[in-house]
Protein chains: 2
Amino acid sequence: MQILDWTELGEAARTRTLARPALLDPIGRETTVAGILRAVREDGDAALRNYTRCFDGVDIETFEVAPEAITAAERSLDASTRAAIDRAFDTIGRFHVPSGKSEYRVETAPGVVCRRVVRPLAAVGLYVPGGSAPLPSTVLMLGVPAMLAGCETRVLCTPPDADGNVAPAILYAAERCGITRIFRAGGAQAIAAMAFGTETLPRVDRIFGPGNGWVTEAKRQVAQDPEGALSDLPAGPSELLVLADEHADPLFVAADLLSQAEHGPDSQVLLVTTSVDLARRVGLELERQLAELPREAIARQSLDASRIICVPDIATALAVSNRYAPEHLILNVADPEGLLPEVRNAGSVFLGAWTPESLGDYASGTNHVLPTYGYARQLSGLSVGDFQKSFTVQSATSAGLAGLGPAVIALARAEGLEAHARAVSRRLEAGEHDREPA
Amino acid sequence: MQILDWTELGEAARTRTLARPALLDPIGRETTVAGILRAVREDGDAALRNYTRCFDGVDIETFEVAPEAITAAERSLDASTRAAIDRAFDTIGRFHVPSGKSEYRVETAPGVVCRRVVRPLAAVGLYVPGGSAPLPSTVLMLGVPAMLAGCETRVLCTPPDADGNVAPAILYAAERCGITRIFRAGGAQAIAAMAFGTETLPRVDRIFGPGNGWVTEAKRQVAQDPEGALSDLPAGPSELLVLADEHADPLFVAADLLSQAEHGPDSQVLLVTTSVDLARRVGLELERQLAELPREAIARQSLDASRIICVPDIATALAVSNRYAPEHLILNVADPEGLLPEVRNAGSVFLGAWTPESLGDYASGTNHVLPTYGYARQLSGLSVGDFQKSFTVQSATSAGLAGLGPAVIALARAEGLEAHARAVSRRLEAGEHDREPA
């Protein structure tokens, strides 16, 4: 990893140092995805079946996984994975319970009561990517908040493996979250099926979950269509910034950087440190640990694009971190709690030497669906509130309307909206004759 | 207004009856807006000045309104408008205080504490459209939650009038909300300036507020750009659904329908009623009241596209309303409170005879920036939470990590991510020799 001295960089070099890799879609992806969406919207299951044959290489007659297969998954799963899923289900549940939107009521003026009321989204779609290994943690991170929000229809889509099956770890995690409708479909075609519905897949209001470039583009396109489905967070490559002082153990820092670097060749990891000595020792430790990793080649590629930034003091380190707005931020310093008030932009923060980032990926209880690519400046990680919506309610007595009415009439007339004023004045005139008890 | 019997309509006719007018952008709008965004991004204030000359017909040397002009607005404003702004500022503030995101802390496992922390967005842009009359209510609906969230940089853009000025009602409402940076710029060029920054306008994280088709398209485009700014809610024409039974006064119902119909020729109003007699009497009352309105022509146009739907019972009325998902819903029935639990999809709800929709537009305290076009199925109206973001924080002791670590290691290995497992196992091995107090 390249070691840079922040104080020696000019403004342009600083911007380059903290720049994300450009997200360049392959030429034609937008059009290809639009074609897939159109086909699934028009031909439903038949189109879904075609694309599944074409992209996943299997013939699927019935997309929905049979209930018996879901309940049988528990038995075919090895005991340690099952226990780990149970443990994570428990901690994620504990942390997410208070994360929903809250209801409240205020008497804003005499005789005028306003409320906020919360409702679950009626139907949500959870997307769990395929790949070389099953991702039960993704099922939990989407399924637990959907369950706690009380969304009535919860659909899970995941690509079938080469034999047309879904891994027991996925099925078991889904079952723990009370998800009963699991469909063997992946890619842009699965997103289209959830957004518009097919003969067998119900249409959903919002789609959650990570995916490759095709899935991301499909989520973007259906979210732009008023007939489609909303999306969760804009997806980007995973990121970690470790902020460390001279007290940090280089062995731990290197292990954390590598845990993020192994995600994919486009993952970004940054070490920002006040200690030049630590920077050097982490560099050596990285080499040592890299050699022992099964995904060494991937990690090496993402480390090539990553940097160690040396800063003169902790305040500068925090400024660099807030400017970068990392998805994951580890504060491996003597007093992490003391720095927290100065953290402005981050997806999730890990305090101290004993809180590796992978703890949050799996089991601390926080959600691992987080804003990447600098969106931590504006957005929050997934919570129960994302599976809900709220609306406001107001209720005035005739006396309440008489009290606030003049303000409404004056503002409506100032804005040139006479019918708005009259919806009040006609009532006040009628109320003179026919007043209800206030 | 056309009167329809819901029970006589087939499924396709029902869908047509509840369909929104298609949102067709004029040909070339997307390209024109993209051109404006590019020009402002590249040439900053110079481009903004050009477009302001071109579209608003005025030469603006200094975009920012002088502080003295803001403080002087109070004196040039008539007393009744000023008092009405003060009153609305008070009720909106009271209602919005509890609407922010909440912080909390949970010990998810022994020695593992997780938290949610809330931060204001650092910089927000508030857009207030121009037009025939100033819109101080829009300033309050955006400015009060921005103030309560504590956003450090709050910028307001509004198009200058023919003399290059901003109305005192706008300036005074902004001053009440503590907004000190007001810029005389409108249209797509103002959205571009706030999203990317210029020499004089600061770049913001998120842009709020209504606008015409050009503003809406500009907000959509900058929200798609990772270098741009997020947006608030997708904009659409205003809507009202009145759900009324035989107890409703046709005079009030007609006044409410007209208050929404006068917004614009594309506004949609629906009356859903269990009483055929009420339907007829509202029809007559509409004609009578229409003739007295200054915006009669506009209201008549939007009523032409609107409908009265007769239903056999209240349950069907609610089903129609939930299917339509109106921005505004008036429950003008004998027991509105009793119906509320069955309301699933609405932006804001108005209970009973004495709560006209215009009360919520101006002074009940609820926000009038609400989901339109069916988005009430998925989205919530504006609140303080939209001007904030949250992040999660976790902190484990070495004993806490020892307790949860095995679950992390098992899940990471099940997902084929060995470096994730080692970020835990290397710490646990080190901890054997060098354990900190738990």
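Each remark here, short or long, concerns the structure printed above.
What counts, and at which threshold
Residues numbered from 1 in each chain as written. Chains lettered and ligands numbered in written order. Predicted model: local features only at pLDDT ≥ 70, side-chain atom pairs only at ≥ 80, totals over all residues. Heavy atoms only, no water. Salt bridge = Lys/Arg side-chain N within 4 Å of Asp/Glu carboxyl O. Helix = DSSP H or I, 4+ residues; strand = E, 2+ residues; numbered from the N terminus. Buried < 20%, exposed > 50% of the residue type's maximum accessible area, 1.4 Å probe, protein only. Contact = heavy atoms within 4.5 Å. Buried area = accessible area lost by both parts, 1.4 Å probe. Pairing = 2+ DSSP bridges. Axes fitted to C-alpha atoms, helices over the stretch in contact; angles between N-to-C directions. Phe/Tyr/Trp six-rings, centres within 6.5 Å; stacked < 30°, edge-to-face > 60°. 1 Å grid on protein atoms, 1.4 Å probe; cavity = no way out; pocket = protein on both sides within 12 Å on 5 of 7 lines; lining within 4 Å. Points joined across faces, edges and corners; volume = space filled by probe spheres on them.

This part covers the pattern of salt bridges. Under the criterion given, the structure shown has 44 salt bridges over all chains. Of the charged contacts in the structure, one is a salt bridge between Arg220(A) and Glu217(A), with a shortest N-O distance of 3.0 Å. Here Glu217(A) and Arg220(A) lie together in helix α9 (residues 213–224), a separation of 3 residues that amounts to about one turn. You can call Arg220(A) partly exposed: its relative accessible area is 31%. A relative accessible area of 5% places Glu217(A) in the buried class. The salt bridge partner of Lys219(A) is Asp232(A), with a shortest N-O separation of 2.6 Å. Here the residue Lys219(A) occupies a position in helix α9, and Asp232(A) occupies one in the loop between α9 and β8 (239–244), the gap between them amounting to 13 residues. This pair shows no difference in class: Lys219(A) is buried, exactly as Asp232(A) is. Each member of the salt-bridge network shares a partner with another, and the members are Glu285(A), Arg288(A), Glu292(A), Arg413(B), Glu418(B), Arg422(B) and Arg426(B).

Right, let's get into the interface of chain A and chain B. On the chain B side, the residues contacting the 126 residues of chain A number 126 residues. Between chain A and chain B, roughly 10700 Å² of surface is buried when both sides are summed, and carbon and sulfur atoms account for 58% of that area. For the pair chain A and chain B, the interface holds 10 salt bridges. Residue Glu337(A) is joined to Arg115(B) by a salt bridge in which the shortest nitrogen-to-oxygen separation is 2.9 Å.

Another point: the sheet that holds strand β14 (residues 388–396) of chain B. Across the sheet, which stays open at both edges, the 9 strands sit in the order β1(A)-β10(A)-β9(A)-β8(A)-β11(A)-β12(A)-β14(B)-β3(B)-β2(B) with mixed pairing between neighbours. Pairing within the sheet leaves two strands with one partner each, and these edge strands are β1 (2–5) of chain A together with β2 (104–109) of chain B. Across the sheet, the mean angle from the axis of one strand to that of its neighbour is 20°, orientation sign disregarded. Here 5 bridges tie β8(A) to strand β11 (residues 328–332) of chain A, and the two strands are oriented parallel to one another. Across the sheet, residue Leu243(A) finds its bridge partner in β11(A), namely Leu331(A).

Moving on: the packing of aromatic side chains. The final tally for this structure, using the stated rule, is 8 aromatic pairs over all chains. Ring centres 5.8 Å apart and planes at 5° place the aromatic pair Tyr51(A) and Phe55(A) in the stacked group. With a gap of 4 residues between them, Tyr51(A) and Phe55(A) both fall in helix α3 (residues 45–56), about one helical turn apart. Relative accessible area serves as the criterion here: at 49%, Phe55(A) is assigned to the partly exposed category. Their ring planes at 35° and their centres at 5.1 Å tell us that Phe95(A) and Tyr104(B) sit as a pair that is tilted.

In total, this model carries 3 cavities of 30 Å³ or more according to the counting rule given. A volume near 90 Å³ is recorded for the largest cavity. Forming the boundary of the largest cavity are 14 residues, of which Arg116(A), Thr392(A), Gly381(B), Leu382(B) and Ser383(B) lie nearest the centre. Mapped onto the lining of the largest cavity, the elements with two or more residues apiece are β13 (388–396) of chain A together with α5 (79–96) of chain B. Tallying contributions element by element places β13(A) first for the lining of the largest cavity, with 3 residues.

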